[in-house]
Amino acid sequence: MRILLVEDDAMIGRAVSQALRGEAYAVDWVRDGEAALSALGAMPYDLMLLDLGLPRRDGLAVLKETRGRGLELPVLVLTARDAVEDRVAGLDAGADDYLPKPFDLDELSARVRALLRRHAGRGAPLLEHRGLRLDPATREVTRGGAEIALTAREFALLRALLERPRAVLSRERLRDKLYAFGEEVESNTIEVYVHSLRRKLGADFIVTVRGAGYRLADDSP
Ligand code: CA
């Protein structure tokens, strides 16, 4: 999952991006409204965290432009302004939720998970497939009660596949979900992680669709 964080406050930006990276999300952090709009034009994000008081283009204008472009990603507004009319304006301009500052990082993470879940059309918090369970909150992956230890990237790749169990995801799309701008990526990196996931989950858990990418094997084990 790749998240766009739009926040001009250095301390908040650093804390939020660290917390989300710790949960295996790829985070691109930009500090003004114009940079947010160009990032949105360059990359399909899974979610945006948007401050309202921003230089160059304020958060409300970014939000309106985002929806005006037809982008449907979930948007969580972070606002220091506690005026009711700002919240109302944000929600009416297409925000999905808001969090007033100062906020607790655990609550922020929980809201991010809830928004991603809702956006994917899921009610249940656990991702399950062929007896395997992934808990996005605790980052635990189990099968038949036994825990499967995964690295952060393996976890992020598996989560991306489980989020859309019938979809074929290209290597490029998966790479975009795993790596933020500025992170070094080897050209065969996705193949390497698919290989190690197959070693841990069974060779047939992830199917290669030639010329297209990867998807999960059908649901009946
Ligand atoms: Ca601000």
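Positions within a chain are numbered from 1, following the residues in the order the chain's sequence is written. Confidence filtering applies because this is a predicted model: local features only for residues at pLDDT of at least 70, side-chain atom pairs given and counted only at 80 or more, and all residues used for totals across whole chains, interfaces and linings. Hydrogen atoms and water are omitted, and side-chain values are computed over all heavy atoms in the structure.

Re the sheet that holds strand E5 (residues 97–100)
Phase 1: One bridge is not enough; two strands pair if DSSP finds at least two bridges between them. The way it works is that DSSP assigns letters per residue, a run of H or I at least four long becomes a helix, a run of E at least two long becomes a strand, and they are numbered from the N terminus. With respect to topology, five strands assemble into an open sheet ordered E2-E1-E3-E4-E5, the strand pairing being parallel. In the strand order of this sheet, the two ends are held by strand E2 (26–30) and E5, each with one partner. Averaged over all pairs of adjacent strands, the angle between their axes in this sheet comes to 20°, without regard to strand direction.
Phase 2: For strand E3 (residues 47–51) and strand E4 (residues 75–79), the ladder comprises four bridges, and the chain directions are parallel. Under this scheme, a helix contributes an axis fitted over its contacting stretch, all axes are lines through C-alpha atoms, and angles between N-to-C directions fall in the 0 to 180 degree range.

Some thoughts on the coordination of the calcium ion
Phase 1: For Na, K and Ca the donor cutoff is 3.2 Å, while for all other metals N, O and S atoms must lie within 2.8 Å; water is not among the atoms, so some sites may look incomplete. Looking at the metal site, the calcium ion is ligated by Asp8 (OD), Asp51 (OD) and Gly53 (O), spaced 2.1 to 2.3 Å from it.
Phase 2: The sequence pattern formed by the donor residues of the calcium ion is D-x42-D-x1-G. You can see Asp8 sitting in the loop between strand E1 (2–6) and helix H1 (10–21) and its partner Asp51 sitting in strand E3, a full 43 residues away along the chain.
Phase 3: Partly exposed describes any residue whose relative accessible area lies between the buried limit of under 20% and the exposed limit of over 50%, with all areas from a 1.4 Å probe on protein chains only and scaled to the type maximum. Residue classification places Asp8 among the partly exposed positions, given a relative accessible area of 35%.
Phase 4: By relative accessible area, Asp51 is classed as buried at 4%.

Observations concerning the nonpolar core
Phase 1: Residues belong to one nonpolar core when they are buried, are Ala, Val, Leu, Ile, Met, Phe, Trp, Tyr or Cys, and are joined through side-chain atoms within 4.5 Å. Core analysis: the biggest nonpolar cluster contains 28 residues, and Leu132, Val141, Leu158 and Ile206 have the highest contact counts within it.
Phase 2: Elements that contribute at least two residues to this core include exactly strand E7 (132–135), helix H6 (152–163), helix H7 (171–178), helix H8 (189–201) and strand E11 (213–216).
Phase 3: Among the elements that take part in this core, H6 stands out by supplying seven residues, more than any other.
Phase 4: Non-local contacts of Ile206, meaning those with residues more than four positions away in its chain, are made with Leu161, Val194, Leu197, Arg198, Tyr214, Arg215 and Leu216.
Phase 5: Core analysis: the next-biggest nonpolar cluster, separate from the first, contains 20 residues, Met43, Leu50, Leu54 and Val77 among them. Note on contacts: a residue pair is in contact if any heavy atoms of the two residues lie within 4.5 Å.

Topic: the domain arrangement of the chain
Phase 1: When the domains of the chain are assigned, the result is domain 1 (2–119) and domain 2 (127–216).
Phase 2: Where each domain starts and ends comes from a domain assignment, either automatic or drawn from a database. A straight line from the C-alpha centre of domain 1 to that of domain 2 covers 25 Å.
Phase 3: In this complex, domain 1 contributes 13 residues to the contact, which on the side of domain 2 involves 14 residues.
Phase 4: When two parts are brought into contact, each loses some accessible area as probed by a 1.4 Å sphere; the total of that loss over both is the buried area. A buried area of about 1,200 Å², summed over both sides, lies between domain 1 and domain 2, and 49% of it is on carbon and sulfur atoms.
Phase 5: Of all residues in domain 1, Arg2, Ala24 and Arg113 bury the most surface against domain 2, accounting for 37% of the area lost on that side.
Phase 6: In the sections that follow, a salt bridge refers to a side-chain nitrogen of Lys or Arg positioned within 4 Å of a carboxyl oxygen of Asp or Glu. At the surface where domain 1 touches domain 2, the tally comes to two salt bridges.
Phase 7: Across the pair Asp46 and Arg173 runs a salt bridge whose closest N-O atoms are separated by 4.0 Å.
Phase 8: Two N or O atoms count as a polar contact when they lie within 3.5 Å, although within protein this holds only if one can serve as hydrogen donor and the other as acceptor, and sequence-adjacent residues are included solely when both atoms are side-chain atoms. Applying the counting rule to domain 1 against domain 2 returns seven residue pairs in polar contact (both at pLDDT 80 or more).
Phase 9: The greatest single-element share of the side of domain 1 that touches domain 2, amounting to three residues, is contributed by E2.
Phase 10: Any residue that is not Ala, Val, Leu, Ile, Met, Phe, Trp, Tyr, Cys, Pro, Asp, Glu, Lys or Arg is counted as polar, Gly included; the first ten are nonpolar and the last four charged. Each residue belonging to the side of domain 1 that touches domain 2 can be placed in one class, and the counts come to seven nonpolar, one polar and five charged.

Overview of H8
Phase 1: Between its terminal C-alpha atoms H8 stretches 18 Å, which fits the 18 Å expected from 13 residues at 1.5 Å a residue.
Phase 2: Regarding H8, the residues found buried are Thr189, Ile190, Tyr193, Val194, Ser196, Leu197 and Leu201. Relative to the axis of H8, the buried residues are bounded by an arc of 165° and lie together on one face. In this structure, H8 carries His195 and Arg199 as exposed residues pointing more than 90 degrees from its buried face.
Phase 3: Summarising the contacts, the buried residues of H8 are in contact with E7, strand E8 (140–143), H6, H7, strand E10 (206–209) and E11.
Phase 4: Immediately beyond the C-terminal end of H8, within one or two residues, lies Gly202, with a positive phi of roughly 110°. To estimate the expected span of a helix, count its residues, drop one, and scale the result by 1.5 Å. This arc is taken over the directions from the axis of the helix to the C-beta atoms.

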